[in-house]
Amino acid sequence: MVSPLAMIVALASVQGVAGSGVGGVKFRNTANRPMRLFWVSHKGDPDAAGRVGANGGQTGFMTYETHKFFWAEDNVGQNPVPTKAKGARHVEFEIKANQRMYAYIDDTTNPQVLKALNDEVAFMEKYQKENGIAWVGTAWPRPAPTWPMWRPTHIGQKIHVPLDEYPEAGRLHCEYGVDNITGCYSDGKNLDSAHTWQSQIEHVTIEVVSITPRVFRIVDFLSDFEADYIIQQAAPMLGRSTVGHGGDARESNTRSSKSAWLHRGHSKVLDAIYQRVGLVARVPEGKMVETNVESINVLNYGVGAEYAPHFDWGADGRVESRFISSLIYLNTPEAGGGTGFPKAIMGNGKVGTEVNAEKRTLVFFYDLLEDGNADELSLHAGLPVKKGEKWIAPLWIWEPKRR
């Protein structure tokens, strides 16, 4: 059996990244029961970070150096306090730039769970030594993605993608403007063929925004009608946006938008857009379906609203991961509201870049590297809206499949 002390010494050697935050941080529960993880605000108040399963359960997300956390029992109630379980170790801690794993241990920890943790730490140390970057992947060892990826050579590169053989991916149009958009419908959402038509797209041009991380932009990706249609369909369903996934989804002051969801089968408009995104992102045929793609998440930001720097992947111990993040811009705010990539390496010593929010534009980037590691440079932020409002619709594509 590997001693807990030896494990913690090993953990401390796994390097992190400071600056705009520490990404790929993993929180592991080795106890024989689920535990609750809480972070402490600058005012000293606890806030839920998630419920972590027993016997090696894990959650992970971006945080920052000196951020304080503690572990509590699953039934802690409305006033969480650190656990006082027998043999509890590493209950209260703060994030360090040179540490990526934070494990809760007590007398119920199974030796095999502890061994698995040490094996992972050894892998992380070896990977960093060989590659010069930390392993922040969603799981280990995670196989490399099997889907094709664009491999740009320089910023500003133009990639032409022919779409003339895919008429079903063409843009939808309506003879009426946005003020009378409902005149294009045969009912509340389906199109009236007497007032709408679909135009074939010969090709689209992908512009390379960054190569580290790989970020791409396509202007005029949508028609005006398609952008207006998505806003009109989503507006009645808007609710407060959340962070986290599944049972850990929660409201947070890091994300101040409203959101709604539209699935591919909602209408012909959504189906055409899904097909178009899949073609330009090189998603294998037949994979732009629910087993691999989420519903479109339509977001509305008012003045001052933003989404703080974050990753679209999480180090939660599962192979399944978001692979491509695509952002569909549905309007042009009067000022602000772009998307920032604060860790993008742009050359000439410059770090960080920004994509302006422009109606009808698609931006997409990879969440994973070619070896299966998550890309820590994919950190991005929805920048504050300074004037007007912003409508944007992320669409996430998973590999090898969704959970």
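Residues numbered from 1 in each chain as written. Predicted model: local features only at pLDDT ≥ 70, side-chain atom pairs only at ≥ 80, totals over all residues. Heavy atoms only, no water.

## Here we look at the packing of aromatic side chains
By the definition in use, this model includes 22 aromatic pairs. Aromatic side chains F27 and F69 sit 5.0 Å apart centroid to centroid with 40° between the ring planes, which places their arrangement in the tilted category. With F27 in strand 1 (residues 22-29) and F69 in strand 5 (residues 68-73), the pair connects residues that are 42 residues apart, well separated along the chain. Like F69, F27 is buried. For the ring pair F38 and F70, a centre distance of 5.4 Å and an interplane angle of 15° mean the geometry is stacked. You can see F38 sitting in strand 2 (residues 35-40) and its partner F70 sitting in strand 5, a full 32 residues away along the chain. Judged by relative accessible area, which is 7%, F38 ranks as buried. For F70, a relative accessible area of 6% gives the class buried. Each member of the aromatic cluster is reached from another via a ring pair, and the members are F27, F61, F69, F93 and Y102. For R276, the ring lying beneath its charged end belongs to F221, and the centroid distance is 5.5 Å. (Phe/Tyr/Trp six-rings, centres within 6.5 Å; stacked < 30°, edge-to-face > 60°. Helix = DSSP H or I, 4+ residues; strand = E, 2+ residues; numbered from the N terminus. Buried < 20%, exposed > 50% of the residue type's maximum accessible area, 1.4 Å probe, protein only. Lys NZ or Arg CZ within 6 Å of the ring centre and 35° of its normal.)

## Notes on the state of the cysteines
The full count for this structure, using the stated rule, is 1 disulfide. The disulfide bridge from C174 ends at C184, spanning 1.5 Å between sulfur atoms. Handedness here is read from the sign of the S-S torsion; for C174 and C184, about -75°, the answer is left-handed. Remark: C184 occurs in the loop between strand 9 (171-174) and strand 10 (196-199) and C174 occurs in strand 9; sequence separation between them is 10 residues. (Disulfide = S-S within 2.5 Å.)

## Observations concerning helix 2 (residues 111-131)
Counted at 1.5 Å a residue, the expected span for helix 2 with its 21 residues is 30 Å, and the 30 Å between its end C-alpha atoms agrees. Within helix 2, the full set of buried residues consists of V113, L114, L117, N118, E120, V121, M124 and Y127. Where helix 2 starts, the residue carrying a side-chain oxygen 2.7 Å from the main-chain nitrogen of Q112 turns out to be N110. Phi for G132, located one or two positions after helix 2, is positive at around 80°. (Expected span 1.5 Å × (residues − 1). Polar contact = N/O pair within 3.5 Å; in protein donor to acceptor, adjacent residues only side chain to side chain.)

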